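Secondary and tertiary structure notes
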Amino acid sequence: MVSSSAFAQQNEAQDMPPLKEAFKGKFLIGTALSYLTLQGKEAPSEAIARTHFNAFTAENSMKPGSLQKTEGQFNFTEADRLVEMAEQSGATPIGHVLVWHEQTPAWFFTEADGKPANREAALARMRTHIATVVGRYKGRVKEWDVVNEAISDAPDEWLRPSPWLKSIGEEFIAEAFRAAHAADPNAILIYNDYNIERSYKRPKAVRLLKSLLDQKVPIHAVGIQGHWRLDTPNFAEVEESITQFGALGLKVMVTELDIGVLPTKYQGADIAAREALTPAINPYTEALPDDVAQRHAERYRQAFEMFLRHQDVIGRVTLWGVHDGSSWLNNFPVRGRTDYPLLFDREGRPKPAFFAVAKAAAGR
Ligand code: XIL
């Protein structure tokens, strides 16, 4: 049933410019497109993306596991579609992601006998992947998430002990950026991670970014994923991080923004994290109560007012998905919940959060 308030909002939406108009001259406003959307099976999501957003990221289709499941056999069908769809819509195609420890087949860093690959072999595979993928979209994909989530969450550890770190050593990061830059010297190259905007992880990020800059590694921006919740993180901490990253001379991109409303113990975005489903942690299976929707909208308003205050360093803000029904948070870190993290509801209607963001853009 369509409630009268949803109906009123629809009418109000007709008086609002598309988000991409509202943010013109400030920063790009993007969205992530699912497998289904890129396969042409999600027409409503595609329509919303084309209307409101001017930067498109593939939610999964450009990850190593999608592009090169088997060594030497590339599948670019959906990735090509992302780039074409963006170009047709006048949106900027964004590349996500070249080097990550998740959604990356084990062959990259394992030998046929199951032993870890030696350094030269792993490096060669990484370079070939980057040269092939970045080279294919040279001049078209304008920004690349080159390395994702290399920083550790553990208190006494700087870098995550990933298979990349173990096989190549910490130079895997610099080498990935060099390879991407060689393949497309004009692309904006991003280091992307979750929770680096929080104070426990920020110093590690600053250390990494400074070290790359000191070594003259071609890195141009830092990506704050932005998988946030109603109560965390504290935006004063986030604002301080934006300032510190900007002071390094880097652009700041918010690459995967969503604001989940469900109770969750786990505070990060490590896709391997899992919690068990219980009714107590899935309270809004029918609908989102109005007071929660208002708090959610208020959080989005505060977030975008902060981004606008820093529009000199922020190049792009991308939402991680188009509407609530397709959000990954329905399955993370608990499978099978009903979350409400985005700007459009399951019917594709703009939510209070949409109006809060649109009003922030208009300075109202
Ligand atoms: C997520 C996708 O949204 C899911 O569909 C997939 O099952 C797992 O990955 N950080 C990232 C993104 O960099 O690539 C992740 O995307 C979310 C966390």
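What comes next is a walk through the structure. (Residues numbered from 1 in each chain as written. Predicted model: local features only at pLDDT ≥ 70, side-chain atom pairs only at ≥ 80, totals over all residues. Heavy atoms only, no water.)

**Digging into the overall build of the protein chain**
Counted only if it meets this: What counts as a helix is a DSSP run of H or I of at least four residues, what counts as a strand is a run of E of at least two, and both are numbered from the N terminus. Using a 1.4 Å probe on the protein chains alone, a residue whose accessible area is under 20% of its type maximum counts as buried, one over 50% counts as exposed, and one in between counts as partly exposed. Only heavy atoms matter for contacts: two residues are in contact if any of them lie within 4.5 Å across the pair. Only four residue types enter the charge count: Lys and Arg as positive, Asp and Glu as negative, with His and the chain ends excluded. Charge placement uses NZ in Lys and CZ in Arg. For Asp and Glu, CG and CD serve respectively.
Helix and strand content of the protein chain: 13 helices and nine strands. Referenced to the eigenvectors of the C-alpha coordinate spread, the extents of the protein chain come out at roughly 65 × 45 × 40 Å. Buried positions account for 59% of the 364 residues belonging to the protein chain. Partitioning the contacts of the protein chain with sequence separation of at least 6, the portion at a separation of at least 24 is 79%. Across the protein chain, the mean location of the 42 positive side-chain charges is 2 Å away from that of the 46 negative side-chain charges.

**Focus: the nonpolar core**
For clarity, the threshold we go by: Nonpolar cores are built from buried Ala, Val, Leu, Ile, Met, Phe, Trp, Tyr and Cys residues. Side-chain atoms within 4.5 Å join them into one set.
Formed by 107 residues in total, the largest nonpolar core has its most connected members in Trp144, Phe304 and Phe307. Grouped together as the second largest cluster of nonpolar side chains are eight residues, Ala32, Ala269, Leu329 and Phe332 included.

**Describing the site of the ligand**
What counts is decided by this rule: It suffices for a single heavy atom of a residue to lie within 4 Å of a molecule or strand for the residue to be listed as near it. N or O atoms within 3.5 Å of each other form a polar contact, as long as, within protein, one can give a hydrogen and the other can take it, and as long as residues adjacent in sequence are counted only when both atoms are side-chain atoms. When residue character is reported, Ala, Val, Leu, Ile, Met, Phe, Trp, Tyr, Cys and Pro are called nonpolar, Asp, Glu, Lys and Arg charged, and the others, Gly included, polar.
Among the 15 residues in the neighbourhood of the ligand, the closest are listed as Glu59, Lys63, His96, Glu256 and Trp320. A distance of 3.4 Å separates a nitrogen atom of the ligand from a polar side-chain atom of glutamate 149. Glutamate 256 is positioned with one of its side-chain polar atoms (N or O) 2.7 Å from an oxygen atom of the ligand. Here the shell around the ligand is built from residues that sort into five nonpolar, six polar and four charged.

**Looking at helix α4 (residues 43–52)**
Under the convention used in this document: Directions pointing from the helix axis toward each C-beta atom define the arc.
What α4 keeps buried is the set Ser45, Glu46, Ile48, Ala49 and His52. Down the axis of α4, the buried side of the element spans an arc of 165 degrees, and every buried residue falls inside it. Opposite the buried face of α4, at more than 90 degrees from it, the exposed residues are Ala43 and Pro44.

**Concerning the pattern of salt bridges**
For clarity, the threshold we go by: Salt bridge, as applied in this entry: a Lys or Arg side-chain nitrogen positioned within 4 Å of an Asp or Glu carboxyl oxygen.
What the rule picks out here adds up to 23 salt bridges. Residue arginine 119 is joined to glutamate 171 by a salt bridge in which the shortest nitrogen-to-oxygen separation is 2.8 Å. Taken together, the positions of arginine 119 in helix α7 (residues 119–136) and glutamate 171 in helix α9 (residues 171–183) put the pair 52 residues apart, joining distant regions of the chain. Residue classification places arginine 119 among the partly exposed positions, given a relative accessible area of 32%. A single salt-bridge network, built from bridges that share partners, covers Glu71, Glu111 and Arg125.

**As for α9**
The condition that has to hold: A helix is expected to span 1.5 Å for every residue after the first.
A rise of 1.5 Å per residue sets the reference length of α9, with its 13 residues, at 18 Å; its end C-alpha atoms lie 18 Å apart and thus fit the reference within 8%. Among the residues of α9, Phe172, Ile173, Ala174, Glu175, Ala176, Phe177, Ala179, Ala180 and Ala183 are the ones counted as buried. For α9, the elements touching its buried residues are β3 (92–99), α7, β4 (143–148), α8 (163–168), β5 (188–193) and α10 (202–214).

**A word on the pairing of strand β8 (residues 251–260)**
For clarity, the threshold we go by: We call two strands paired when DSSP finds no fewer than two bridges between them. By the criterion used throughout, a crossover qualifies as right-handed when its path from the first strand across the helix to the second strand runs clockwise, the strands pointing away from the viewer.
Burial of β8 is extensive: nine of the ten residues sit out of reach of the surface. The pairing of strand β6 (residues 221–224) with β8 spans four bridges and is parallel. Among the inter-strand pairings, valine 222 is bridged to a residue of β8, identified as valine 252. One ladder, built from three bridges, connects strand β7 (residues 227–229) with β8; its direction is parallel. Paired with histidine 227 across the bridge in β8 is aspartate 258. As for the winding sense of the linkage, the β-α-β connection from β7 through helix α11 (residues 235–247) to β8 is right-handed.

**Topic: the packing of α7 against α9**
The cut-off we apply is this: A fitted line through C-alpha atoms represents every axis, and for helices the fit uses only the stretch in contact; the resulting angles, taken between N-to-C directions, go from 0 to 180 degrees. In this scheme, a crossing is called left-handed if the near helix is turned counterclockwise away from the far one by less than a right angle; it is called right-handed if the turn is clockwise.
Following both chains from N to C, one finds α7 and α9 inclined at 35 degrees, their axes separated by 9 Å at the closest point. Of the two elements, α7 crosses α9, and the hand of that crossing is right-handed. Between α7 and α9, the contacting residues are Arg119, Leu123, Met126, Arg127, Ile130, Ala131, Val134 and Gly135 on the first element and Glu171, Phe172, Glu175, Ala176, Ala179, Ala180 and Ala183 on the second. Its residues assigned to classes, the contact of α7 with α9 comprises ten nonpolar, one polar and four charged.

**Considerations on the packing of aromatic side chains**
Under the convention used in this document: Pairing of aromatic side chains here covers Phe, Tyr and the six-membered ring of Trp, requires ring centres within 6.5 Å, and sorts the geometry by plane angle: under 30 degrees stacked, over 60 edge-to-face, intermediate tilted. Here, over-ring charges are defined by two tests on the NZ atom of lysine or the CZ atom of arginine: distance to the ring centre within 6 Å, and angle to the ring normal within 35 degrees.
Using the criterion set out here, one finds 15 aromatic pairs in the structure. Ring geometry for phenylalanine 76 versus tyrosine 137: centroids 6.0 Å apart, planes at 80 degrees, classification edge-to-face. Of this pair, phenylalanine 76 sits in the loop between α5 (64–67) and α6 (77–89) while tyrosine 137 is found in the loop between α7 and β4, placing the two residues 61 residues apart along the sequence. Residue phenylalanine 76 shares its accessibility class with tyrosine 137, and that shared class is buried. Where phenylalanine 354 meets phenylalanine 355, the ring centres are 5.2 Å apart and the plane angle is 85 degrees; that geometry is what we call edge-to-face. We note that phenylalanine 354, like phenylalanine 355, is buried. Joined through ring pairs, the aromatic side chains of Phe23, Phe27, Trp228, Phe235, Tyr300, Phe304 and Phe307 make up one cluster. In this structure, lysine 201 packs its charged tip against the face of tyrosine 194, placed 3.7 Å from the ring centre.

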